[in-house]
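Residues per chain, in single letters:
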Amino acid sequence: MTAWLAPAKVNFTLMVGPRSASGLHPVRSLIQTLDWCDRITLEEGEEDRLEIEGADLPDGGENLVWKAVGALEKEAALRRPPLRITLQKRLPVGAGLGGGSADAAAVLDALGDMLGVAPVRRRNAAALIGSDVPAALLGGTVRAEGFGEEVTRLPDLSGFAVAVVVPHFPLLTADVYRMWDDLSEPRGREFPSRFLPPLLRRAAPIRNDLTPAALRLRPELGDLMEEVAGVWERPVAMSGSGSSLFSFFVDVEEAAGAAGEIEGLASVAVGADLLPHGPVRDEAVT
């Protein structure tokens, strides 16, 4: 049996382009993985089986875990044994933290290691699964472009941490993009430079173009943003298509303290450090 950790991500920047003929939206995003992770174990079994702990999610072929298995089979033309996979969900669902994509990426590495599949084939398989999976597989500080399949590893960001707040309600990515189209493709407000860590001040504009659409769908998200910003005395931003919010702090201790200040306002609030990698073996399991 092998166990892998599947890290959450935040989008420091998410710039969105008009919908293409394929129905997808091109993006340009600055993504960072965090030390807040789902956990996946994978081993040979008598039949294919996915057990999910901590969330009410489908365990059949629609789950990204099985889509990752199928994509790797297709890309590497491999024959595999039946698999027993256990997914311990620690990351909220529908929060813009990339939990499902992280799980898929962890399965690509876990199964790839089990069957000796080369990293390049894992990367090719990631592009077949979903727009966030290539970045999740690469991990660390990543620039994602195109429809998410064009990923570039950037020098590691460091010297700060983030506090993440997850509201009591999720947002569906498809709904947010549809509303963004209906609103005539608005641009998100830029994060004030004076509140950014120094390394991010040299990055692309720190903004999320999907924020106006998320706020139109769930006006109470705007109320929460204002309340959290007031408690923290700094602006907050939205990750991905929402609904999670975050802001920047000096270190993980300060971020954890800030999260503790608003626990009663949200479903989950955590302080998280930056991770310089994607999926990784859980060293607690041998």
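Residues numbered from 1 in each chain as written. Predicted model: local features only at pLDDT ≥ 70, side-chain atom pairs only at ≥ 80, totals over all residues. Heavy atoms only, no water.

Section: a negative patch on the surface
Phase 1 of the analysis: A cluster of acidic side chains, namely Asp35, Asp251, Glu253, Glu254 and Asp273, defines a negative patch on the protein surface.
Phase 2 of the analysis: Overall, the relative accessible area of 32% leaves Asp273 in the partly exposed class. (Patch = residues over 30% accessible without salt bridge, like charges linked within 9 Å, V, L, I, M, F, W, Y side chains within 5 Å. Areas by Shrake-Rupley, 256 points an atom, 1.4 Å probe, with all protein chains shown as cover. Salt bridge = Lys/Arg side-chain N within 4 Å of Asp/Glu carboxyl O. Lys, Arg positive; Asp, Glu negative; His and termini not counted. Charge placed at Lys NZ, Arg CZ, Asp CG, Glu CD. Buried < 20%, exposed > 50% of the residue type's maximum accessible area, 1.4 Å probe, protein only.)

What about the sheet that holds strand 9 (residues 245-249)?
Phase 1 of the analysis: Strand order in the open sheet made by the 4 strands is 8-9-7-10, with antiparallel pairing throughout. This sheet does not close on itself; its edge strands, each paired only once, are strand 8 (237-238) and strand 10 (268-272).
Phase 2 of the analysis: Examined bridge by bridge, strand 7 (residues 161-166) and strand 10 share 5 bridges and lie antiparallel to one another. Bridge pairing in strand 10 links Val164 to Val270. (Pairing = 2+ DSSP bridges. Helix = DSSP H or I, 4+ residues; strand = E, 2+ residues; numbered from the N terminus.)

A word on the packing of aromatic side chains
Phase 1 of the analysis: Applying the stated rule across the entire model yields 7 aromatic pairs.
Phase 2 of the analysis: Their ring planes at 90 degrees and their centres at 5.6 Å tell us that Phe246 and Phe248 sit as a pair that is edge-to-face. With respect to burial, Phe246 and Phe248 carry one shared label: buried.
Phase 3 of the analysis: Each residue in the set Phe12, Phe160, Phe191, Phe246 and Phe248 is aromatic and connected to the rest through ring pairs, giving one cluster.
Phase 4 of the analysis: Positioned above the aromatic ring of Phe169 is the side chain of Arg218, whose terminal nitrogen or guanidinium carbon lies 4.1 Å from the ring centre. (Phe/Tyr/Trp six-rings, centres within 6.5 Å; stacked < 30°, edge-to-face > 60°. Lys NZ or Arg CZ within 6 Å of the ring centre and 35° of its normal.)

Describing the environment of Ser193
Phase 1 of the analysis: Topologically, Ser193 is positioned in the loop between helix 5 (173-182) and helix 6 (211-217).
Phase 2 of the analysis: Here the alpha-carbon distance between Ser193 and Pro205, two residues 12 residues apart in the chain, equals 9.0 Å.

Structural notes on unusual backbone geometry
Phase 1 of the analysis: A cis geometry characterises the amide bond from Gly242 onward to Ser243, with omega recorded as 15 degrees.
Phase 2 of the analysis: Phi at Ala77 is positive, roughly 50 degrees, even though this residue is not glycine.
Phase 3 of the analysis: For Ala77, a relative accessible area of 70% corresponds to the exposed category.
Phase 4 of the analysis: With phi around 65 degrees, Ser184 is a residue other than glycine that occupies positive phi space.
Phase 5 of the analysis: Within the secondary structure layout, Ser184 lies in the loop between helix 5 and helix 6.

Topic: the packing of helix 2 (residues 99-115) against helix 3 (residues 119-126)
Phase 1 of the analysis: Contact pair helix 2 / helix 3: the axes reach a minimum separation of 10 Å and the direction vectors enclose 145 degrees. Considering how the two elements wind past one another, helix 2 and helix 3 form a crossing that is right-handed. In this structure, helix 2 contributes Leu108, Asp109, Gly112 and Asp113 to the contact, and helix 3 contributes Arg122, Ala125 and Ala126.
Phase 2 of the analysis: Taken together, the residues that form the contact of helix 2 with helix 3 break down as 3 nonpolar, 1 polar and 3 charged. (Axes fitted to C-alpha atoms, helices over the stretch in contact; angles between N-to-C directions. Left-handed = near helix turned anticlockwise from the far one by under 90°. Contact = heavy atoms within 4.5 Å. Nonpolar A, V, L, I, M, F, W, Y, C, P; charged D, E, K, R; others polar.)

A few points about the pattern of salt bridges
Phase 1 of the analysis: Applying the stated criterion across every chain, the model contains 18 salt bridges.
Phase 2 of the analysis: Across the pair Asp181 and Arg19 runs a salt bridge, and its minimum N-O distance is 3.4 Å. With Asp181 in helix 5 and Arg19 in the loop between strand 1 (2-16) and strand 2 (27-44), this residue pair connects regions lying 162 residues apart in the sequence.
Phase 3 of the analysis: Residue classification places Arg19 among the exposed positions, given a relative accessible area of 52%.
Phase 4 of the analysis: The shortest N-O distance in the salt bridge between Asp113 and Arg122 comes to 2.7 Å.
Phase 5 of the analysis: What you see here is one network of salt bridges that share partners, running through Asp109, Asp113, Arg122 and Arg281.

Focus: the pairing of strand 3 (residues 49-53)
Phase 1 of the analysis: Relative to strand 4 (residues 83-88), strand 3 is paired through 5 bridges, and the arrangement is parallel. When the bridges of strand 4 are listed, Leu50 appears paired with Ile85.
Phase 2 of the analysis: Of the crossover connections in this fold, the one passing from strand 3 over helix 1 (residues 64-76) to the parallel strand 4 is left-handed. (Right-handed = clockwise from strand over helix to strand, strands pointing away.)

Brief notes about the side chain of Ser241
Phase 1 of the analysis: Topologically, Ser241 is positioned in the loop between strand 8 and strand 9.
Phase 2 of the analysis: For Ser241, a relative accessible area of 8% puts it in the buried group.
Phase 3 of the analysis: A polar side-chain atom of Ser241 sits 2.9 Å from a polar atom in the side chain of Thr173. (Polar contact = N/O pair within 3.5 Å; in protein donor to acceptor, adjacent residues only side chain to side chain.)

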